[in-house]
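Report on the structure
Spelled out from the first residue to the last, the chains are:
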Amino acid sequence: MKTYKCNKSYPSLEEMVKDKNIDAIGVFTGAPDHVKHTIECMKHGKHVLCAVPACLTLDEAEQLSEAVKKYGLTYMMAETGYYQQHTISARKMFRNGEFGDLYYVESEYQHDGLENLYFENGQKTWRYGMAPMLYPTHSTSLLTGVTGERLTEVVCQGWGDDAQCLKDNVYNNPFWNECAFFKTDRGTSFRVNIWWKGAHLGGERANWIGTRMSFYADNGRSGPALVKKSDVLGKDDAGFVQSVPGLENYEQPQWWSTDMLPEPLRHNSGHHGSHTFLTHEFIDALVNERKPSVDINEALAYTVPGIIAHDSALKGGVQLKIPQFS
C-alpha cells in the first residue's frame, strides 16, 4: 500500500470481488490458484490480468476457457516473453518478411537456483518441485507470440536426480530440467529447453532461423546478431564450397523508450523492459474494448503445450498431440 499509494486493502479476494467500484483485478497469486482466482473474479464481473502460467492441467484449461466465454470479460495473461525487447524485434522482422521462410526456432528458459524459493517461513511454497514444462510460457511465447502459429505435437525428455523435492512434491514431478521438441501447424521445428538446475548461463532467449535471415538474441556472453544469406561462395576447412554468411552485430533497440508506450511508461521495468508494456496493453484493451495481445486463446496456446510436453517426458518421450483451444 505504501509503495503504490493505495488507500484501501481487503482481507481476502472473496471480499475484494464484492467491491462494485473495481472493474479489473490483477491475479498474481501462486500458479495452482490462477484458474480458481480468475473464475472467482469473473463471477463478480471483473476483468482479469493473470500471472503465468494460465493453468496447470487440461481440466483447468477447459474450465478457464469456458469461464471467459461464459462471462464475456477480458482476460489477459501477463507473459513477459511477448514484450521482451528481442521478441518485439523478432515480431517486427517476421511481419516485414525479413526471415524469408522461418523454419526453425529454439528457445530456452534457464533458471538455476529456483529451489531457494521452495520454502517460506519454513513452509513449502507452490514452487516446491514444480515441473519445468508446467511453467513453459517464457519459452513458448517466443515462437507463438511472434508468428501466431500453434504447437501441435511434442516429444519431451526430462532429467532429475535424488533431490528430496523431486520425490515428495504435489506435482509428482521427478525432473529438474526438461527438453522438448515441438511441431507446429505451419511445419516449423521448435526446440524448447527449460532448465532449473545445472551449470548454464541463465536467462530467457531464443534464436529465429530463416531461409534469408536469422536472428540470434543475446545469449549472455555475446550480443545479439543477424546472419544474412549471401551469394558469396567460399570454402570450409576441408575445402568444400559453401556460401559465406553475412554476420552483423544487432543493436537491440530499447522499444520501451519509443512511442510504442505513452511517455510516462517509458522506463526500463525489468524482464527486458516488458512490465510497462503489459500494464499498458491490458488497460488500453479495456479502455478501447478490444482483445489484448495475450488473450485467452493465446494464453492457452502458450501454456497447454507445456502440460502435454511434461506428460510426454513422464511417458519416456513418446510423441503426443497437443489439443487446441479457440
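Look up: the structure comes first, before these words.
For the structure given in this document, a descriptive report is provided here. Model, not experiment: these values are computed from the prediction.

Quick look at the overall build of the protein
Scanning the protein for helices and strands turns up 7 helices and 16 strands. A globule of 326 residues ought to have a C-alpha radius of gyration of about 20 Å, and the protein, at 21 Å, matches this closely. For the protein, the spread of C-alpha atoms along the three principal axes comes to 75 × 50 × 35 Å. Looking at the 326 residues of the protein, the share that counts as buried comes to 50%. Taking contacts inside the protein between residues at least 6 apart in sequence as the whole, the part at least 24 apart equals 65%.

Structural notes on the environment of Tyr 171
Among the structural elements, Tyr 171 can be located in the loop between strand S7 (151–159) and strand S8 (177–184). Taking the C-alpha atoms as reference points, Tyr 171 and Pro 292, 121 residues apart in sequence, are found 31 Å from one another. In this view, Tyr 171 contacts Pro 32, Leu 56, Trp 126, Tyr 128, Gly 129, Met 130 and Leu 134; residues no more than four positions away in its chain are not counted. Looking at Tyr 171, its side chain comes within polar contact range of the main-chain oxygen of Trp 126, at 2.5 Å.

Concerning the sheet that holds strand S3 (residues 75–77)
Across the sheet, which stays open at both edges, the 3 strands sit in the order S1-S2-S3 with parallel pairing between neighbours. The open sheet has two edge strands with one neighbour each: strand S1 (24–27) and S3. Across the sheet, the mean angle separating the axes of adjacent strands is 15 degrees when strand polarity is ignored. Note: S1 against strand S2 (residues 47–50), 4 bridges, orientation parallel. Counted as the bridge partner of Ala 24 is His 47 from S2.

Notes on the environment of Gly 26
Within the secondary structure, Gly 26 sits in strand S1. Residues Gly 26 and Met 77 lie 51 residues apart in sequence; the distance between their C-alpha atoms is 9.8 Å.

Considering the packing of aromatic side chains
Applying the stated criterion to the full structure yields 11 aromatic pairs. Between Tyr 82 and Tyr 83 the ring centres are 4.8 Å apart and the planes differ by 75 degrees, which places this aromatic pair in the edge-to-face class. Since its relative accessible area comes to 11%, Tyr 82 is described here as buried. Ring geometry for Tyr 83 against Phe 277: centres 5.2 Å apart, planes inclined by 5 degrees, an arrangement best described as stacked. Here Phe 277 lies in helix H6 (residues 275–287) and Tyr 83 lies in the loop between S3 and helix H4 (85–95), a separation of 194 residues in the sequence. For the pair Tyr 83 and Phe 277, one class covers both residues: buried. Site record: aromatic cluster; members linked through ring pairs are Tyr 109, Trp 126, Tyr 135 and Trp 196. Over the ring of Tyr 83 we find Arg 91; its NZ or CZ atom is 6.0 Å from the centre of that ring.

Section: unusual backbone geometry
The amide bond that connects Val 52 to the next residue, Pro 53, takes the cis arrangement and shows omega of -10 degrees. Looking at the element boundaries, Pro 53 is found in the loop between S2 and helix H3 (58–71). Even without being a glycine, Asn 121 presents a positive backbone phi close to 55 degrees. Structurally, Asn 121 can be placed in the loop between strand S5 (119–120) and strand S6 (123–124).

Some words on helix H2 (residues 34–43)
Burial within H2 is extensive, with 8 of its 10 residues counted as buried. Regarding H2, the residues found buried are His 34, Val 35, His 37, Thr 38, Ile 39, Glu 40, Cys 41 and Met 42. Looking at the buried side of H2, the elements it contacts are helix H1 (13–16), S1, S2, H3 and S3. Positioned one or two residues after H2, Gly 45 has a phi angle of 80 degrees, which is positive.

Quick notes on the rules
Residues numbered from 1 in each chain as written. Predicted model: local features only at pLDDT ≥ 70, side-chain atom pairs only at ≥ 80, totals over all residues. Heavy atoms only, no water. Helix = DSSP H or I, 4+ residues; strand = E, 2+ residues; numbered from the N terminus. Rg over C-alpha atoms; globule rule 2.2 N^0.38 Å. Buried < 20%, exposed > 50% of the residue type's maximum accessible area, 1.4 Å probe, protein only. Contact = heavy atoms within 4.5 Å. Polar contact = N/O pair within 3.5 Å; in protein donor to acceptor, adjacent residues only side chain to side chain. Pairing = 2+ DSSP bridges. Axes fitted to C-alpha atoms, helices over the stretch in contact; angles between N-to-C directions. Phe/Tyr/Trp six-rings, centres within 6.5 Å; stacked < 30°, edge-to-face > 60°. Lys NZ or Arg CZ within 6 Å of the ring centre and 35° of its normal.

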